[in-house]
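# Results of the structural survey
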Amino acid sequence: MAVQKDIGAYICSGCGLGDRLDCDQLEKVAKSDGRAKLTRQHEFLCSKAGVEMIQADIDAGDVSHIVLGACSRRAKTDAFNFENVVMTRTNLREGVIWVRPDTDEARESTQEMADDYIRMGCAEVKYQDLPAPSQEQGLNRNMLVVGGGITGMTSAIEAAKAGYNVGLVEKAGHLGGTAAALYKRVPERAPYSLPVDNGVDSLATQIQGNPRITVYLNSTVTKTSGAPGRFSVDISTESGDTTTENFGAIVQSSGFEPYDMSQLTEFSPESPDVVDQLGLEALAKEANGGAIKRPSDAKAVESVLFVQCAGQRSEKEGHLSYCSGHCCATSIKQAMYFKQANPDTDTVVMYTDLRTPGAGGEDFYRSAQKQGVIFTKGEVSEVTPGDTGPLVKFNDLILDENVEQNFDLVVLATGMLPNSGVNIDAPAPAEGEEVTETPVSILNLDYRQGKDIPQLVHGFTDSHFICFPYETRRTGIYTAGPVRRPMDIKQAMDDATGAAMKAIQAIENSSKGLAAHPRSGDLSFPSFRKEGCTQCKRCTVECPFGAINEDERGFPQYNEGRCRRCGTCMGACPVRVISFANYSVDSVGQQIKAVDMPDEFEEKPRLLALACENDAYPAMDMAAMNKVEYSAYVRAIPVRCLGSVNTIWITDALNSGYDGIMLLGCQKGENYQCHFVKGSEIAHIRMSKIDDTLSQLQLEKERVGTHEVAITDVERIPQIINEMAETVQKIGMSPFKF
Amino acid sequence: MTDVVATNQTILVVGGGISGMTAALEAAECGKDVILLEKNPSLGGRVSQLYKYFPKLCFPTCGMEINLRRIKARNNLRVMTLAEVTKVSGDKGNYSVDVKISPRYVNENCTACGACSDAVSAEFDNEHNYNLDKRKGAYLPFTMAFPQRYVIDPAMIGTDDAAKAKDACPVGAIDLDMAEENIQLNVGSVVWATGWKPYDAAKIQPYGYDRFDNVITSVELERMMDPQGPTGGKLIRPSDGKEAKDVAFIQCAGSRDRNHLRHCSRICCMASLKQSTYTREKFGDEGKSTIYYIDIRAIDRFEDFYQKVKSDSTVNFIKSKVASVVEDKDTGNPILKGVDTEGYKRYANPHDLVVLAVGMEPSVNFNDAPVDIVSNEFGFIEANPENGGLFGAGCASDALDVNRAVQSATASALRAIQVVNQVAEAED
């Protein structure tokens, strides 16, 4: 790549930069140390005139790489929006003058800070190229939907409405999933007063008449390989016929399995007059608006008890600890079946917390009360088959009494279990341990990292992020409906539409080589130098998104479309052969080396802060806006994720005389905040091994600190920096200043 | 003049909170032309005023930073602040939308250096902090405000302070003659993400929000906990600045109540569970939280969070709709009166501070909005085919938590795309 790199350095003297800093000196530094071909100064760089000045140089072909010495890269992005040029922004405003006191004593160290940032900026662009997509995949406007229940049907219809083709795979012989087994469903629109049609036929009709949707019944996905934009999927029928189709993206709507009520032995599940909610739907379907009859003797039910949270919200062995979300409204709906058929039916819903949230839920609850459904706060301890019907023992929580009562029928509101396939993170069974049941894979991904989507809590494939419900750890594959989270039909239909949206987006963006969230729009992707690779597999193992496969010889195979561009692979590589066009071991390493290192006796320590660009770095900017000061000795470099930090940077920094190093990343562990899932955690693990390096160099281990910070740590990050400066003062300067 | 090019293949998103930002971004990241309108000077909406999210107790600004970065990277997504829709006419695939843009008095030259703010002395109620403190008349609404551009309070126009601000600006960004503008946009579809507002707590007379200093709302508590908020992150009571170690939470304050909001606002149970962790965060074992509730609606896997809070010995739950709050004149302590329905016991419990878990109502009641759209009796937009190319998203469509609001917004983005794709197909 013998591309000529012509660096232009543009120094802004506005916003007080000209008063606080010697901008001529900055230009000189850019020329002499930064090897800038051209330098310019402007009193208001982000103004029309300033921007035009830069654009003129670009248009004239005088510069190919530009360094802006002005405000933070988070500010004035609309003004500094140049095309076809590599740009880096050195943060002289928020990163220097706003965090330093405006005093004569501070002037020298503040200037040194700014000088270094200019050197670093020039060093960085020198090692950056304009990213270009790999063109690994083209535009494939076909979407695969796995699961033909109400969620999958909705995803298919909504995607087709937007002009995309859909392959809809359903393992059963008909569409509709669990919803097809419902007599009626809870209304999702006003008036919220009575159960409504289950909606399955209407969706099925829309699908049958839709030329954009191909339905594969009695079929499963037996293999999925490739990446967004070029998924190759084997769809096999029960009889073993397999067709291979190509898709751009995937929605997994594999639904749920009802909890097995036979586990609730205290409720006599073997008794014919004790049913679960789906059991009641079957009875209601049979009755079809007439009197619902109890199974044991076909007597019309005169009294029915709904036991809420049966085997749910409980820590008992075999129970579900979570709430399934829909069951309160479902029991209310089912109580209405009885009241509609015969208003005199004694219908009792026994609950601890009745959960009907949102605008319509409360009205539906109220409507049941109006119809005479009784709601009792109580806990059922036992159901036994009585002579005239099930005998129920419960504790009435309002009256604080233990009560026994006979009902004709007992309905257990049991929960839902996600049908999420293979748990790829499950520990391998111990030797000799009996494996009772192997879950059937849904997607059969031909990924090194496992056959299915990683699961979150309780086996659901939810996103971990509150702000980003469709954040997925397998790019281009989105889950929707009760496989993602316990939910009702209304939410599942919304969820199906949202997932279809994301799948369409994945189709469009992968065709252009653009990254998915959170680095959406990024064109850079990792590549590796095969000659240097030792096939150690660390990159494939550590990739949080399962983006990297291995070829038969153990070399990594990057899949641009699956990659989220965090750089965790780059941080993992012990031989440093992985890089992005504009982000590499060199683009950061050379910044570290570019800092002018004062000798040991000058008593001017140098501290390095590698700050996550998503949270730590913005927090530092905001500290500056709030005029929180911190040490002038620090040099901060934003990184894509702490996971991208290669330990060579630390070793090099220590060897070149830095006195202290701080890694500032996001929260790790169970409630991780890391936008790249494992980046921060992996960085912590890697850094726990840096002690060896420190002891080899005979350096104190306090010189390197890894911190979990948040974007709100506007006070704490400056404190961490200042404490490191104090530590260095205590333990002394690094002897490695040459 | 504001120059905006829009066509019937443009998607308009009204409201720049997390739902609107999401809808706009998801559509824009599909390559669509999108205009995002926000009536306030900054994007961010209600979540920018929250200290933490439940159930992870993470910070809303973390997600906002990502969303803002996504917005900054998109040339096909245009943001207009201080903009309100005044009229919508036309049909699916071809709407004409009148937009009123209020003057910011600060143009795009602004570098957010803060010189104008330093120069003025006039102060006004700080709406970002629910008026619990004051802000300058030349101000950045909050540190992460976007666009990162100062605002001159209209009340300052014509005063010496306004002139001082103008003189102080080194880049000529302040234009005191800026006037209201009215523009018309032609768009294919519209996503309404106008969000929610807290129910007016003063209307719940028995709880004395308007009479007692130490009765506050849940949204105010969020601002108090923010280190950049009105109390600098201190959990203190307004009457005397004493640390509020014993906090009572009254659930369904204005919700599930025929006299107020009939619906359940969904978020308030989880919000109070979350806020009980604030008491622990500040005071450890010395803190005490009491939650007065009807039902704890911690649905689906939120249940985990409820169980976690429940296992905290400093948090108590009383099943009761509080009847009234009175004030102990000597101590300033609010006293909660009512009946514990589990066992029917009367109580009169004093606390340091009472937090009303106020309900959620739509910011714009769509029964009375400048657009013809089907809404339910609570004022939320209904998903009705009659709405053509107009769609509700987030809390404009229902009382939703953040996660569900974003889910809803993502779905709306697709619905909006369907309309403009059909327009594109027809025009091909």
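It should be emphasised that the depicted structure is a prediction, and the values quoted were computed from it without experimental measurement.

## Considerations on the interface of chain A and chain B
The interface is formed by 72 residues belonging to chain A together with 66 residues belonging to chain B. The dominant element in the side of chain A that touches chain B, judged by the number of residues it contributes, is helix H10 (residues 489-512) of chain A, at 11 residues. Within the side of chain A that touches chain B, the residues separate by chemical class into 32 nonpolar, 24 polar and 16 charged.

## Here we look at helix H18 (residues 716-731) of chain A
All names here are of chain A. With 16 residues, H18 should reach 22 Å at 1.5 Å per residue; the first-to-last C-alpha distance of 22 Å fits that figure. When we look at burial in H18, the residues that qualify are Ile 717, Pro 718, Ile 721, Met 724 and Val 728. Buried positions in H18, seen along its axis, are confined to an arc of 120° and lie on one side of it. Residues of H18 that are exposed and point over 90 degrees away from its buried face: Glu 726 and Lys 730. Packing partners of the buried residues in H18 comprise strand S26 (607-612), helix H14 (616-625), strand S27 (634-639), strand S28 (660-665) and strand S29 (704-708). At the C-terminal side of H18, Gly 732 shows a positive phi close to 100°.

## As for unusual backbone geometry
Residue Pro518(A) follows His517(A) across a cis peptide bond; omega there is 0°. Within the secondary structure, Pro518(A) sits in the loop between H10 and strand S22 (527-528). With an omega of -5°, the peptide bond between Phe54(B) and Pro55(B) qualifies as cis. In this fold, Pro55(B) is placed in the loop between strand S2 (33-37) and helix H2 (60-72).

## Points about the pairing of strand S11 (residues 249-252) of chain A
All names here are of chain A. Because side chains alternate across S11, one face comprises the buried residues Ala 249 and Val 251, and the other comprises Ile 250 and Gln 252, equally buried. Across 4 bridges, the pairing between strand S5 (residues 142-146) and S11 is parallel. When the sheet's bridge partners are listed, Leu 144 is paired in S11 with Ile 250. Pairing analysis gives 3 bridges linking S11 to strand S21 (residues 477-479), with the strands arranged parallel. Bridging from a neighbouring strand, Val 251 pairs with Tyr 478 of S21.

## Remarks on the domain arrangement of chain B
Often, the extent of an interface is quoted as the loss of accessible area on bringing the components together. Residues and elements named next belong to chain B. Partitioning chain B into domains gives domain 1 (10-102 + 180-195 + 363-427), domain 2 (115-168) and domain 3 (200-360). Taking only C-alpha atoms into account, the centre of domain 2 sits 33 Å from that of domain 3. The interface is formed by 5 residues belonging to domain 2 together with 6 residues belonging to domain 3. A breakdown of the residues in the side of domain 2 that touches domain 3 according to their chemical character gives 2 nonpolar, 2 polar and 1 charged.

## Points about H14(A)
By the criterion of burial, H14(A) is predominantly enclosed, with 10 of the 10 residues buried. Of all the positions in H14(A), only Ala616(A), Tyr617(A), Pro618(A), Ala619(A), Met620(A), Asp621(A), Met622(A), Ala623(A), Ala624(A) and Met625(A) are classed as buried. Among the structural elements, S26, S27, S28 and H18 of chain A together with H2 of chain B are those in contact with the buried residues of H14(A). Just downstream of H14(A), Lys627(A) is the residue with a positive phi angle, here 60°.

## Description of the packing of H10(A) against helix H8 (residues 402-427) of chain B
One can describe the packing of H10(A) onto H8(B) by two numbers: an axis separation of 7 Å at closest approach and a directional angle of 60°. Between H10(A) and H8(B) lies a crossing of left-handed hand. Where H10(A) abuts H8(B), its residues Asp494(A), Asp495(A), Thr497(A), Gly498(A), Ala500(A), Met501(A), Lys502(A) and Ile504(A) lie against Gln407(B), Ser408(B), Thr410(B), Ala411(B), Ala413(B), Leu414(B) and Arg415(B). Tallied by class, the residues present in the contact of H10(A) with H8(B) amount to 6 nonpolar, 5 polar and 4 charged.

## A look at the sheet that holds strand S13 (residues 215-217) of chain B
Residue and element names in this part refer to chain B. Spatial ordering of the open sheet is given by S13-S20-S14-S15-S16, a layout of 5 strands whose pairing is parallel. The two strands at the open ends of the sheet, each matched to only one other strand, are S13 and strand S16 (315-319). Averaged over all pairs of adjacent strands, the angle between their axes in this sheet comes to 25°, without regard to strand direction. With 5 bridges connecting them, strand S14 (residues 246-253) and strand S15 (residues 288-293) associate as parallel partners. Looking across to S15, one finds that Val 247 is bridged to Ser 289.

## Overview of the environment of Val358(B)
Residues and elements named next belong to chain B. Here Val 358 shows up in strand S20 (residues 353-358). C-beta crowding within 10 Å serves as the criterion here: with 30 such atoms nearby, Val 358 is assigned to the buried category. For Val 358 and Val 5, which are 353 residues apart along the polypeptide, the C-alpha to C-alpha distance reads 41 Å.

Conventions we followed
- Residues numbered from 1 in each chain as written.
- Chains lettered and ligands numbered in written order.
- Predicted model: local features only at pLDDT ≥ 70, side-chain atom pairs only at ≥ 80, totals over all residues.
- Contact = placed C-beta atoms within 7 Å.
- Helix = DSSP H or I, 4+ residues; strand = E, 2+ residues; numbered from the N terminus.
- Nonpolar A, V, L, I, M, F, W, Y, C, P; charged D, E, K, R; others polar.
- Expected span 1.5 Å × (residues − 1).
- Buried ≥ 20, exposed ≤ 12 C-beta atoms within 10 Å, placed from the backbone.
- Arc of directions from axis to C-beta.
- Pairing = 2+ DSSP bridges.
- Domains from an automatic or database assignment.
- Axes fitted to C-alpha atoms, helices over the stretch in contact; angles between N-to-C directions.
- Left-handed = near helix turned anticlockwise from the far one by under 90°.

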